[in-house]
Amino acid sequence: MALVVTMSFLASKSILFGIFTALILHLGFAIAIDSFGEKYTDTYLEHLTTALK
């Protein structure tokens, strides 16, 4: 959230604008992937262990 506020004060042609945009996108994807992994890891592990038995 702080990065969004910081970006609002920067000129859109600034190098920092690009860096902060990339950082926000990176964090967004990382959180989404982490949430997906946390939700489905146990399910997949259970299926794998039962299939190998």
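Quick summary incoming for the structure in this document. (Residues numbered from 1 in each chain as written. Predicted model: local features only at pLDDT ≥ 70, side-chain atom pairs only at ≥ 80, totals over all residues. Heavy atoms only, no water.)

**Structural notes on the overall build of the chain**
Here's step 1: Regarding its fold elements, the chain presents two helices and zero strands.
Here's step 2: For the chain, with 53 residues in total, the buried portion stands at 4%.
Here's step 3: Surface accessibility of the chain: about 4700 Å² in total, with carbon and sulfur atoms responsible for 73%. (Helix = DSSP H or I, 4+ residues; strand = E, 2+ residues; numbered from the N terminus. Buried < 20%, exposed > 50% of the residue type's maximum accessible area, 1.4 Å probe, protein only. Areas by Shrake-Rupley, 256 points an atom, 1.4 Å probe, with all protein chains shown as cover.)

**Focus: a negative patch on the surface**
Here's step 1: Side chains of Asp-34, Glu-38, Asp-42 and Glu-46 sit close together on the surface and give a patch of like negative charge.
Here's step 2: Turning to its location among the elements, Glu-46 is positioned in helix H2 (residues 15-52). (Patch = residues over 30% accessible without salt bridge, like charges linked within 9 Å, V, L, I, M, F, W, Y side chains within 5 Å. Salt bridge = Lys/Arg side-chain N within 4 Å of Asp/Glu carboxyl O. Lys, Arg positive; Asp, Glu negative; His and termini not counted. Charge placed at Lys NZ, Arg CZ, Asp CG, Glu CD.)

**Focus: a nonpolar patch on the surface**
Here's step 1: Taken together, the side chains of Ile-15, Leu-16 and Ile-19 define a hydrophobic patch exposed on the protein surface, amounting to about 300 Å² of accessible area.
Here's step 2: Its location among the elements puts Ile-15 in helix H2.
Here's step 3: For Ile-15, a relative accessible area of 67% puts it in the exposed group.

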